[in-house]
Amino acid sequence: MGPHPAVAAIRLAVRRVLHDVLTHNSRTPAAAAAAAVAAAEAAREPSRSERSSPLVLVACSGGADSMALASALAFEAPKLGIRAGGITVDHGLQPGSGLRAEEVVLRLRELGLHPVESIAVTVGRDGGPEAAARDARYAALDAAAERHGAAAVLLGHTRDDQAETVLLGLARGSGIRSLSGMAAVSGADGRYRRPFLHLDRQTARKACMVQSLPVWDDPHNADPAYTRSRLRHEGLPALEKALGKGVVEALARTAQLSRDDADALDTWASQAEASVRDATGLLECAKLYALPPAVRRRILRRAAIDAGAPAGSLFARHIEEVDRLITGWRGQKAINLPGKVVAQRQGGRLVIRQG
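A. Fine view of the overall build of the protein chain. Secondary structure assignment for the protein chain yields 14 helices and 10 strands. Structurally, the protein chain occupies a C-alpha span of about 70 × 60 × 40 Å along its principal axes. Going through the 355 residues of the protein chain one by one, you find that 44% of them count as buried. Here the analysis covers contacts within the protein chain between residues at least 6 apart in sequence; of these, 67% occur between residues at least 24 apart. If you sum the accessible surface of the protein chain, you get close to 18,500 Å²; carbon and sulfur atoms cover 55% of it.

Take a look at the structure:
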């Protein structure tokens, strides 16, 4: 008799991602060289061969989603010759958070993961508590991945998380990139992988239950002070009551369709950018005007970021103001952008630079 359907589903999702990691890892020159050395020395030096196998880490909070992910990684990785480890991040936002982090470390070790570590971070205030915690968490995971030489870091975001992300982007009036939600693969060189974006939260929780995996429910996830928590417990249920079941699936599907469109537009903008610059590299307003708005604004955004504007602080309203220097020119003054970047029109050229 096979595993419970929920367990089978999470293992299949992780297995597919691990196959992708192996394929990606084998294409890099360094990995190919390491594989050649491992093959040559495997017979006489097994320990060295083992060390040369790729390492995949799981980011685990102790919640149902990430514990289900950790258990599936521990089961699937050895069968593919992959080393599996785990990282838990202690945000220090609740009493006893350090003790809970150590409990998660013990659970991950009991699953057979190695290396395993807990990382304490200091959460700032930029962008609000949720954004600040996320920034601190990813900085810690990036550092851990570099320190351990990990080929990938697995994240336990589910289809429900994806639906919430799409709605948050919609509420902010963001563009299509924001509506595309979280990518299955993201980060430097595709470091972050999200195997569960096509699985719902209940599947992960059921998998933990049937495997008798202890889970920790973060009280912040039920705290109405947090926007995502209100959306999870009030907003989405209200939408399902008004529109019927299937809202989460529809939002997740919208995310994928939006991502495909956004990727295509990004590629178009990248290819068009060289054609709208003069010999000195300045953007020509007349040529920008001839482009579709979605393509033109992507070029403007990229130019602002290249000039030093922080991507996280550069919003649609900023780009719209710069765009008016192209489409509604009436002698306006320079536009001030985040990061002390200034955009102004001079002699039919758009100059974006540090002020």
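That shown, we press on.
B. Main features of the pairing of strand β9 (residues 341-346). Of the strand pairs in this sheet, strand β8 (residues 335-337) and β9 are connected by 3 bridges, and their pairing is antiparallel. Bridge assignment links Leu 337 to a residue of β9, and that residue is Val 341. Pairing of β9 with strand β10 (residues 349-354) involves 6 bridges; the strand directions are antiparallel. Bridging across to β10, Val 341 finds its partner in Gln 354. Counting the residues that bridge the hairpin from β9 to β10 gives 2 residues, and of these Gly 347 lies at a positive phi of roughly 55°.

C. Layout of the nonpolar core. Core analysis: the biggest nonpolar cluster contains 35 residues, and Val 56, Leu 73, Leu 113 and Phe 196 have the highest contact counts within it. Elements represented by at least two residues in this core include exactly α1 (5-27), β1 (55-59), α4 (64-76), α5 (97-110), β4 (152-154) and α9 (201-210). Those residues in contact with Val 56 that sit more than four places away from it in its chain are Leu 18, Val 21, Leu 73, Ile 82, Arg 83, Ala 84, Gly 85, Ala 152 and Leu 154. Within the second largest apolar cluster, 26 residues are counted, among which are Val 276, Cys 285, Ala 309 and Ile 352.

D. View of the packing of helix α11 (residues 247-273) against helix α13 (residues 293-306). For the pair α11 and α13, the least separation of the axes is 9 Å and the interaxial angle reads 70°. In terms of orientation, α11 lies roughly perpendicular with respect to α13. Seen from above, α11 lies across α13 with right-handed handedness. On α13, the residues touching Ala 262, Leu 265, Asp 266, Trp 268, Ala 269, Ser 270, Ala 272 and Glu 273 of α11 are Ala 294, Val 295, Arg 298, Ile 299 and Arg 302. Each residue belonging to the contact of α11 with α13 can be placed in one class, and the counts come to 8 nonpolar, 1 polar and 4 charged.

E. The pairing of β1, seen in detail. Where burial is concerned, most of β1 is hidden: 5 out of the 5 residues are buried. Every second residue of β1 is oriented toward a common face, with Leu 55, Leu 57 and Ala 59 on one face and Val 56 and Val 58 on the other, all of them buried. Relative to strand β2 (residues 83-90), β1 is paired through 5 bridges, and the arrangement is parallel. For Val 56, the partnering residue across the bridge sits in β2 and is Ala 84. Here 3 bridges tie β1 to β4, and the two strands are oriented parallel to one another. Note that in β4 the partner of Leu 57 across the bridge is Val 153.

F. Representation of the pattern of salt bridges in the model. Tallied over the entire structure, the rule returns 26 salt bridges. The closest approach of N and O atoms between Lys 79 and Glu 76, which form a salt bridge, is 3.5 Å. Take Lys 79: its relative accessible area is 53%, and that puts it in the exposed class. For Glu 76, a relative accessible area of 1% corresponds to the buried category. The salt bridge partner of Glu 273 is Arg 277, with a shortest N-O separation of 2.8 Å. Among the charged side chains, a salt-bridge network with shared partners connects Asp 161, Glu 164, Arg 201, Arg 228 and Arg 232.

G. Just the sheet that holds strand β5 (residues 185-186), in detail. On the basis of which strands lie adjacent, the open sheet formed by 6 strands has the order β3-β2-β1-β4-β6-β5 and mixed pairing. Single-partner strands in this sheet number two, and they are β3 (116-120) and β5. Strand direction decides the pairing type here: β5 and strand β6 (residues 192-193), joined by 2 bridges, are antiparallel. Residue pairing across strands places Ser 186 opposite Tyr 192, the latter belonging to β6. Its contacts with the sheet place α4 against β1, β2 and β4, and it is angled at close to 160° to β1. In the packing of α5 onto the sheet, the strands contacted are β2 and β3, and the crossing angle to β2 comes to about 170°.

H. Just the side chain of Gln 94, in detail. Looking at the secondary structure, you find Gln 94 in the loop between β2 and α5. Polar contacts involving the side chain of Gln 94 include one to the side chain of Asp 218, which spans 2.8 Å.

I. The sheet that holds strand β7 (residues 283-284), seen in detail. The strand order across the open sheet formed by 4 strands is β7-β10-β9-β8, and the pairing between neighbours is antiparallel. Sheet topology places β7 and β8 at the edges, where each strand pairs with a single neighbour. On top of the sheet, α13 reaches β7, β8, β9 and β10; it is set at about 35° to β10, its chief contact.

Rules used in this analysis
Residue positions are given per chain, counted from 1 along the sequence in the order it is written. Whole-chain, interface and lining totals are the exception, using all residues; otherwise, since this is a predicted model, local features are given only for residues with pLDDT of at least 70 and side-chain atom pairs are given and counted only at 80 or more. Side-chain numbers here rest on the full set of heavy atoms in the structure, without hydrogens or water. Runs of E in the DSSP output that reach at least two residues are strands. Runs of H or I that reach at least four are helices, and both are numbered from the N terminus. Here's how the labels work: a residue is buried when its accessible area is under 20% of the maximum for its type, exposed when over 50%, partly exposed in between, all with a 1.4 Å probe on protein chains only. Any pair of residues with heavy atoms lying within 4.5 Å of one another is described as a contacting pair. Exposure was quantified through the Shrake-Rupley algorithm and a 1.4 Å probe, taking into account, for residues, occlusion by the shown protein chains and nothing else. DSSP bridges decide pairing: two strands pair if at least two such bridges lie between them. As used here, the term nonpolar core means buried Ala, Val, Leu, Ile, Met, Phe, Trp, Tyr and Cys residues forming a set that is joined through side-chain atoms within 4.5 Å. A fitted line through C-alpha atoms serves as each axis, taken over the contacting stretch for helices, and the angle formed by two N-to-C directions is quoted from 0 to 180°. Working definition: roughly parallel below 35 degrees, roughly antiparallel above 145 degrees, roughly perpendicular at 65 to 115 degrees, and oblique for all remaining angles. Handedness of a helix crossing follows the sense of rotation of the near helix relative to the far helix, less than a right angle counterclockwise being left-handed and clockwise being right-handed. Put simply, Ala, Val, Leu, Ile, Met, Phe, Trp, Tyr, Cys and Pro go in the nonpolar bin, Asp, Glu, Lys and Arg in the charged bin, and everything else, Gly too, in the polar bin. A pairing counts as a salt bridge when a side-chain nitrogen of Lys or Arg comes within 4 Å of a carboxyl oxygen of Asp or Glu. Under this definition, polar contacts are N or O atom pairs within 3.5 Å; protein pairs additionally need one hydrogen-donor-capable and one acceptor-capable atom, and for neighbouring residues in sequence, both atoms have to be side-chain atoms.

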